[in-house]
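Given next are the chains, with one letter for each unit.
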Amino acid sequence: MGYRNDLLSSRSIIRHGSYALITPEGLVNNIIPHFEKCRISVVASPKLGASFVQYLINMEAGGRNTKGFGGDGIETFVYVVEGSLDVIVDGIKYELTEGGYVYTPPSLTMIIENNSKEGTKFVLYKQRYIPADGIKEPWVVSNNVKNLEAIFYDDMEDVTLIDLLPTDLSFDMNFHILTFQPGGSHPFIETHVQEHGAYLLSGEGMYNLDNNWVSVKKGDFIWMGPYVQQATYAIGYEPFSYVYSKDCNRDPEI
Ligand code: UGY
Ligand code: MN
């Protein structure tokens with residue numbers, strides 16, 4: 001850091017209310033009360049046009065948020081990208097390693113602590129839960145993607161999908177992992193009401209966002225707003241994979 005050693009340029013693209021590509025080089029640190037020993041970037045928020053808030057966090061050894069994150073109508077989700085993290089919900093401790101995650105329902109808070117000797121990197125997410133008449137509240141979910149089955153996406157053998165949360169109507173959101181082998185692609189350009197917050201875990205792709213093709217790679221974050229056209233081709237030599245949010249199971253308000 002300090003004096004520049006090249007032209008000032010960036011691959012990031014910000015289209016308020018539509019979509020955003022945020023690359024790791026441009027991330028800045030945010031101080032947020034109760035998050036100790038953390039480097040936090042808020043990559044999606046209502047200020048961008050998103051209905052949720054998503055953070056990329058690097059937490060040092062001994063870092064934590066013991067006040068509790070979420071609750072009071074806000075559901076939360078954490079996914080570990082590197083290292084390990086302890087998450088405590090309702091007195092129960094979940095010891096997460098890479099690929100581990102916890103979903104916390106809107107009535108509870110999550111405490112997060114890095115009790116390891118190394119730094120850890122994780123994706124954190126919050127959104128206001130939308131109750132539905134006659135549908136019971138969601139529950140705590142924790143697992144590791146290594147334990148979950150990947151299914152072929154739309155019958156294509158070079159694209160797989162993992163659902164991280166139950167498809168039960170109690171849940172108004174889910175997180176998924178889509179993985180494309182090089183050359184694999186979506187079957188068509190999607191246009192849908194749901195939003196996504198996507199963190200790119202591996203590989204490279206050409207992504208169509210609002211009918212603009214942009215190159216993206218591991219470490220990038222993409223926010224896709226409602227109805228923004230979206231699809232990708234995987235390029236390069238390794239699988240292109242991302243973990244992403246999706247709202248679901250609710251009738252839009254008018
Ligand atoms: O679930 C989805 O809507 C997903 N196929 N979208 C995406 O990858 N952009
Ligand atoms: Mn989509």
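All values derive from a computational prediction rather than experimental measurement. (Residues numbered from 1 in each chain as written. Chains lettered and ligands numbered in written order. Predicted model: local features only at pLDDT ≥ 70, side-chain atom pairs only at ≥ 80, totals over all residues. Heavy atoms only, no water.)

**Digging into the side chain of His186**
Residue position: His186 is located in the loop between β14 (173-180) and β15 (196-202). A distance of 2.8 Å separates a polar atom in the side chain of His186 from the backbone nitrogen of Thr232. (Helix = DSSP H or I, 4+ residues; strand = E, 2+ residues; numbered from the N terminus. Polar contact = N/O pair within 3.5 Å; in protein donor to acceptor, adjacent residues only side chain to side chain.)

**Focus: the UniProt feature "domain: Cupin type-2" (unreviewed entry) in the protein chain**
Under the UniProt annotation, the feature "domain: Cupin type-2" (unreviewed entry) is placed at residues 76-123 and 177-241. Between the end C-alpha atoms of residues 177-241 there is a gap of 7 Å, over a span that is 0% helix and 54% strand. (UniProt positions renumbered as here; feature names shortened; annotations may be inferred.)

**Describing the nonpolar core**
Taken as a class, soluble globular proteins show a tendency for nonpolar side chains to be buried jointly. Membership of the largest hydrophobic core comes to 29 residues, with the highest contact counts inside it found for Phe77, Tyr79, Tyr101, Leu164, Leu165, Ile177 and Val243. Residues lining this core come from more than one domain, with at least three contributed by each of domain 1 (28-145) and domain 2 (146-247). Setting aside residues up to four positions removed in sequence, Val243 forms contacts with Tyr79, Leu164, Phe175, His176, Ile177, Gly197, Ala198, Tyr199 and Leu201. In this structure, Tyr19, Tyr207, Met224 and Tyr242 belong to the second largest nonpolar core, which totals 22 residues. (Core = buried A, V, L, I, M, F, W, Y, C linked by side-chain atoms within 4.5 Å. Buried < 20%, exposed > 50% of the residue type's maximum accessible area, 1.4 Å probe, protein only. Domains from an automatic or database assignment. Contact = heavy atoms within 4.5 Å.)

**Describing the coordination of the manganese ion (ligand 2)**
Every protein donor of the manganese ion (ligand 2) is listed here as Glu190 (OE), His192 (NE2), His196 (NE2) and Gln230 (OE1), and their distances to the metal cover 2.1 to 2.3 Å. Each of the six donor atoms bound to the manganese ion (ligand 2) contributes to angles spanning 78 to 174°, and the resulting shape is octahedral. Mapped onto the sequence, the donors of the manganese ion (ligand 2) take the spacing E-x1-H-x3-H-x33-Q. Placement of the pair is His196 in strand β15 and Gln230 in strand β19 (residues 230-235), with a sequence separation of 34 residues. What makes His196 buried here is its relative accessible area of 4%. (Donors = N, O, S within 2.8 Å, 3.2 Å for Na, K, Ca; no water. Tetrahedral: all angles 85-135°; square planar, octahedral: opposite > 155°, others 65-115°.)

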